[in-house]
Amino acid sequence: MVQRLNREGTTGGPLAYLAVASGATLFSGLIVASRALSQRGFSLYEISLSGILFSGLIFGVVLALRPDLRPRRRDWVLFFAYGLVGAVLQLSQFAGVVLGVPIALIGLLLYTQPIWTLLFGRILLAEAVTRRKVGALCLATAGTLVLFQPGTSSLDHSWVGMLTALIAGVMLSLWLILGRMSGLRGNAPITTAFAYMASSSLILLLVWPLLRLTVGPVEWLRLSPAPFLVHWRLVALYTLFANLVPAILVNWGVRRIDTMAAGMLLLLEPVVAAWAAYLAFGEAFGKSVWLGGALILVGNFVLLGAPKGVARESSAG
């Protein structure tokens, strides 16, 4: 399986690069569309469930027709952990949207992910820590501190919303680590995607009654079919173009091009999300967002722009 992926990675061609770039662009719709859903009365819980629940159902139909792609019993513990991380990720990345934090700021805080991926990759996958990685870590950390610096325009927004977006960055790194573990066990991309969406949705549904009793505000945790029935067209577009299609494009592309190149292309997501938010909602960028975001993105470029030999060494770890 790994040998096959390596062969594909050397013969991807421009179509694979286009697929990953297109997927990253569409993934930016996750946060942008969630703002539109929030403005139409969807609760935090309804936003968190809508994309993954319906995408999981569609992937489930595909797996029902392809028994060879179904999750194996030996991976259930891994997929439970994957779902737990996914449930926290869904709630934390959209909490900032509900609290009115600008989409550009949420996207940048999500992309502190390489900081945490470096740390978790070392702990869980024994990946090498290089000077390039440490330099990228310092840049991204500095950018995060700028975003949270007292007196800057970023702090005109909810502390809680910014903190949840930062937590989402941590969860996103664990999502990457666990997704890679699934791939190393020989699971197909669609199997991994289904496991994430199905297990995350199931956990969110199971803990919902408990959260309703212990956590507020209540309007965040409302779970009703009414918004879905009224705005079913928007939900369908959100599911299709911000969840299903980009997942297929990215999973197809990363099997055929170098992972470092794919990572750099994925940096299109926060940039496109910021500009889409400006065009759709008129959200302007403060100085701290410009400076902190630049440091985070440069840190990403430093980390992901490693020579191919370093990339192969990291993947082997």
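All right, on to the overall build of the protein then. If you tally the helices and strands in the protein, you get 16 helices and 0 strands. Looking at the protein residue by residue over its 317 residues, the buried ones come to 48%. Total accessible area computed for the protein in this model is approximately 15000 Å², and 72% of it derives from carbon and sulfur atoms.

A separate point is the packing of aromatic side chains. Summed over the entire model, instances satisfying the criterion amount to 4 aromatic pairs. Ring centres of F42 and F228 lie 5.4 Å apart, and the angle between their planes is 85°; this geometry places the pair in the edge-to-face category. With F42 in the loop between helix 3 (29-39) and helix 4 (44-65) and F228 in helix 11 (residues 226-230), this residue pair connects regions lying 186 residues apart in the sequence. Overall, F42 belongs to the buried group, its relative accessible area being 4%. Here F228 falls in the buried class, since its relative accessible area comes to 17%. Taking the centre distance of 6.0 Å and the plane angle of 70° together, the rings of F54 and F228 count as edge-to-face. With F54 in helix 4 and F228 in helix 11, the pair connects residues that are 174 residues apart, well separated along the chain.

So, about the pattern of salt bridges. Side chains that carry opposite charge are capable of pairing whenever their charged atoms lie near each other. Scanning all chains against the criterion turns up 5 salt bridges. Taking the shortest distance from any N to any O, the salt bridge between D75 and R72 comes out at 3.4 Å. Residue classification places R72 among the partly exposed residues on the basis of a relative accessible area of 32%. D75 is the partner of R185 in a salt bridge, and the nearest nitrogen-oxygen pair spans 2.9 Å. Taken together, the positions of R185 in the loop between helix 9 (159-184) and helix 10 (189-214) and D75 in the loop between helix 4 and helix 5 (76-98) put the pair 110 residues apart, joining distant regions of the chain.

Another aspect to go through is a nonpolar patch on the surface. Judged by side-chain polarity, V271, W275, Y278, L279 and W290 come together as a nonpolar surface patch covering roughly 580 Å² of accessible area. Broken down by element, the residue count for the nonpolar patch peaks at 4 residues, all from helix 14 (residues 268-281).

For helix 9, spanning 26 residues, the distance from its first C-alpha to its last is 38 Å, which sits close to the expected 38 Å at 1.5 Å a residue. At the C-terminal side of helix 9, G186 shows a positive phi close to 90°.

Two numbers describe a pair of packed helices, the interaxial angle and the distance between the axes. In contact at an axis separation of 10 Å, helix 3 and helix 6 (residues 103-110) are set at 140° when each is read in the N-to-C sense. With respect to their mutual orientation, helix 3 and helix 6 come out oblique. Helix 3 and helix 6 meet at a crossing whose hand is right-handed. Contacts between helix 3 and helix 6 involve I31, V32 and R35 from the former and I103, I106, G107 and L110 from the latter. Partitioned by chemical class, the residues of the contact of helix 3 with helix 6 number 5 nonpolar, 1 polar and 1 charged.

Moving on: the confidence of the model for the protein. On average, residues of the protein carry a pLDDT of 77, and 76% of them reach 70 or more. Looking over the protein, one finds the lowest element-wise mean pLDDT in helix 1 (residues 2-9), namely 40, and the highest in helix 11, namely 92. Every residue in residues 1-11 scores below 50 in pLDDT, and together they form 14 contacts with partners more than four places removed in sequence or on other chains. Per-residue pLDDT stays below 50 along residues 150-155; that stretch engages in 17 contacts with residues further than four places along the chain or on separate chains.

Relative to the elements of secondary structure, S199 occurs in helix 10. Judged by relative accessible area, S199 falls into the buried class, the value being 14%. A polar contact is formed between the side chain of S199 and the backbone oxygen of Y196, at a distance of 3.4 Å.

Time to look at the packing of helix 3 against helix 14. Contact geometry for helix 3 and helix 14: axes closest at 9 Å, N-to-C directions at 35°. Here V32, R35, A36 and Q39 of helix 3 come into contact with helix 14, specifically with A273, A276, A277 and F281. The class makeup of the residues in the contact of helix 3 with helix 14 is 6 nonpolar, 1 polar and 1 charged.

With that settled, the discussion passes to the environment of N251. In this fold, N251 is placed in helix 12 (residues 232-254). As for N251 and P189, which are separated by 62 residues in sequence, their C-alpha atoms are 6.0 Å apart. Those residues within four positions of N251 in sequence are excluded, and the remaining contacts are P189 and A193.

Another point: the environment of S50. With respect to the secondary-structure elements, S50 resides in helix 4. Accessibility expressed as a relative area gives 0% for S50, which makes it buried. In sequence terms S50 and V235 are 185 residues apart; their C-alpha atoms lie 7.0 Å from each other. In terms of polar contacts, S50 uses its side chain to reach the backbone carbonyl oxygen of I47, at 3.0 Å.

Basis of the calculations
Residues numbered from 1 in each chain as written. Predicted model: local features only at pLDDT ≥ 70, side-chain atom pairs only at ≥ 80, totals over all residues. Heavy atoms only, no water. Helix = DSSP H or I, 4+ residues; strand = E, 2+ residues; numbered from the N terminus. Buried < 20%, exposed > 50% of the residue type's maximum accessible area, 1.4 Å probe, protein only. Areas by Shrake-Rupley, 256 points an atom, 1.4 Å probe, with all protein chains shown as cover. Phe/Tyr/Trp six-rings, centres within 6.5 Å; stacked < 30°, edge-to-face > 60°. Salt bridge = Lys/Arg side-chain N within 4 Å of Asp/Glu carboxyl O. Patch = residues over 30% accessible without salt bridge, like charges linked within 9 Å, V, L, I, M, F, W, Y side chains within 5 Å. Expected span 1.5 Å × (residues − 1). Axes fitted to C-alpha atoms, helices over the stretch in contact; angles between N-to-C directions. Parallel < 35°, antiparallel > 145°, perpendicular 65-115°, else oblique. Left-handed = near helix turned anticlockwise from the far one by under 90°. Contact = heavy atoms within 4.5 Å. Nonpolar A, V, L, I, M, F, W, Y, C, P; charged D, E, K, R; others polar. pLDDT = per-residue confidence, 0-100. Polar contact = N/O pair within 3.5 Å; in protein donor to acceptor, adjacent residues only side chain to side chain.

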